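Geometric and topological summary
Given next are the chains, with one letter for each unit.
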Amino acid sequence: MLEIALSNTDRLMHLVEVLEGEPELANGLTTPPPVVAEGVETHQQLLQLKALRCEYAQGFFFSKPVDSEAASALIKQSLL
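Since the model is a prediction, treat every value here as computed from it, not as a measurement. (Residues numbered from 1 in each chain as written. Predicted model: local features only at pLDDT ≥ 70, side-chain atom pairs only at ≥ 80, totals over all residues. Heavy atoms only, no water.)

Quick look at the overall build of the protein chain
Of the regular secondary structure elements, the protein chain holds three helices and three strands. Going through the 80 residues of the protein chain one by one, you find that 14% of them count as buried. Counting every atom, the protein chain has about 6,600 Å² of accessible surface; 57% of that belongs to carbon and sulfur. (Helix = DSSP H or I, 4+ residues; strand = E, 2+ residues; numbered from the N terminus. Buried < 20%, exposed > 50% of the residue type's maximum accessible area, 1.4 Å probe, protein only. Areas by Shrake-Rupley, 256 points an atom, 1.4 Å probe, with all protein chains shown as cover.)

In structure tokens form, the structure reads like this:
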């Protein structure tokens, strides 16, 4: 799993440019690792991540930090 913190957008965009410009970095991978973007705070950031085909994200945009009981309730609610 590759985790990317969004605290520095310039760094994220540089990483994207490197990965797009160097396809041989992924040549040895039969299945690319999942990417989790951390620190998503705005809808614009989420749209940018979707454009980059990032499937997993977390941050204040989705929920403030919660305890384990509240997290369980959120998960159950999303499964209904």
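Notes on the packing of aromatic side chains
All chains considered together, the criterion is met by one aromatic pair. When the ring of Phe61 is compared with that of Phe62, the centres are 5.3 Å apart and the planes differ by 85°; the resulting orientation is edge-to-face. (Phe/Tyr/Trp six-rings, centres within 6.5 Å; stacked < 30°, edge-to-face > 60°.)

Topic: the nonpolar core
Soluble, globular proteins show a tendency: their nonpolar side chains are buried together. Counting residues in each nonpolar core, the largest one holds five residues, listed as Ala37, Val40, Leu46, Leu49 and Cys54. Ignoring sequence-local partners within four residues, the contact set of Cys54 consists of Val35, Ala37 and Leu49. (Core = buried A, V, L, I, M, F, W, Y, C linked by side-chain atoms within 4.5 Å. Contact = heavy atoms within 4.5 Å.)

Structural notes on helix H2 (residues 43-51)
Those residues of H2 that fall on the buried side of the exposure criterion are Gln45, Leu46 and Leu49. Seen end-on, H2 carries its buried residues on one side only, within an arc spanning 100°. Turned more than 90 degrees away from the buried face of H2 sit Lys50 and Ala51, all of them exposed. Directly beyond the C-terminal end of H2, a positive phi value near 65° is found at Arg53. (Arc of directions from axis to C-beta.)

Some points on the pairing of strand S2 (residues 35-38)
With three bridges connecting them, S2 and strand S3 (residues 56-58) associate as parallel partners. Counted as the bridge partner of Glu38 is Gln58 from S3. A crossover links S2 with its parallel partner S3, the connecting element being H2, and its sense is right-handed. (Pairing = 2+ DSSP bridges. Right-handed = clockwise from strand over helix to strand, strands pointing away.)

Thoughts on the environment of Val35
Within the secondary structure, Val35 sits in strand S2. A residue is classified by how much of its surface remains accessible, and Val35, at 25% relative accessible area, is partly exposed. Residues Val35 and Arg53, 18 residues apart in the sequence, show an inter-C-alpha distance of 9.1 Å.

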